[in-house]
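Overview (structure and organization)
Chain by chain, the residues run as shown.
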Amino acid sequence: MALTILDPNTALLVVDLQKGLIGYPFNHPLKDVVNHARALIDAFRSHALPVVLINVAGGAPGRTEQPPRHSGSFPEGFTDFIAELGQQPDDIVVTKRTWGAFANTDLEARLKAAGVTQVVVIGIATGTGVDATARQAYELGFNVTLAVDAMTDTRPEAHDYSIRAVFPRLGETGTTREIIDLLQASGPQRF
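By convention here, each chain's residues receive numbers from 1 onward along its written sequence. Where local features are concerned, this predicted model is filtered to residues with pLDDT of at least 70; where side-chain atom pairs are given and counted, the filter is 80 or more; whole-chain, interface and lining totals use all residues. Neither water nor hydrogens contribute to the side-chain values; these are computed over all heavy atoms in the structure.

**So, the side chain of Gln-136**
Helix and strand labels come from DSSP, where a helix needs a run of H or I of at least four residues and a strand needs a run of E of at least two; each type is numbered from the N terminus. With respect to the helices and strands, the residue Gln-136 is situated in helix α3 (residues 126-139). Within the structure, Gln-136 has its side chain in polar contact with the backbone nitrogen of Ala-101 (distance 3.4 Å). Every residue in contact with Gln-136, bar those within four places of it in the chain, is listed here: Gly-100, Ala-101, Phe-102 and Ala-103. Side-chain atoms alone can form a polar contact between residues adjacent in sequence; in general such a contact is a pair of N or O atoms within 3.5 Å, and within protein one must be able to donate a hydrogen while the other accepts it. We call two residues in contact when some of their heavy atoms are within 4.5 Å.

Right, here's the structure in full:
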């Protein structure tokens, strides 16, 4: 893990921390992931940096060998963000229908209009939503940072592979504490 810098206008992308996915058997305690997510959210807000809350409300339509986990309509409240995120009116909210948050959404345009040049990506699941969002961000020219202690997956091998083999090729990885320390070193908090 090697973090070097955060750009002055960095956005936090919080992927799929929503009520409908919380009950899955994740390989790391979800409570820890949520606590790290909240610490990052608070730090970004205190620096007046964009927080993007992303939920999933569908899947890509293509044929796959494994059936989708969800098909048809979602139960009431499935896409609602968990309360621990403390959603605020100025948060950017993106609803995706694929693994990655940039495909078929206006996220790229909104971030670029706000002058964002870097994203920090966290959430669930490491090997799908987080990975796909980070890949798309990288391909669109954003600098990418991944807080590896603020993500988890139901598949330990997918989590480990993404962190070990994929993420270092897309950007920089580090811990929540390291990212918060970089934010604090970048200047005073704005309230």
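Now that the structure has been shown, we can carry on.
**Thoughts on the pairing of strand β5 (residues 143-152)**
With 8 of 10 residues buried, β5 is to be regarded as a mostly interior element. The pairing of strand β4 (residues 118-124) with β5 spans 6 bridges and is parallel. Looking across to β5, one finds that Val-121 is bridged to Leu-146. We call a crossover right-handed when, viewed with the strands running away from us, the connection from the first strand over the helix to the second turns clockwise. At this point the chain moves from β4, through α3, to the parallel β5, and the crossover so formed is right-handed. In this structure, β5 lies alongside strand β6 (residues 172-174), joined through 3 bridges in parallel fashion. Across the sheet, the residue bridging to Ala-147 is Gly-174, located in β6. Taking the sense of rotation as the criterion, the β-α-β connection linking β5, helix α4 (residues 156-170) and β6 turns out right-handed. Residue exposure (1.4 Å probe, protein chains only): buried if accessible area is under 20% of the type maximum, exposed if over 50%, otherwise partly exposed. A pair of strands is labelled paired if DSSP reports no fewer than 2 bridges between them.

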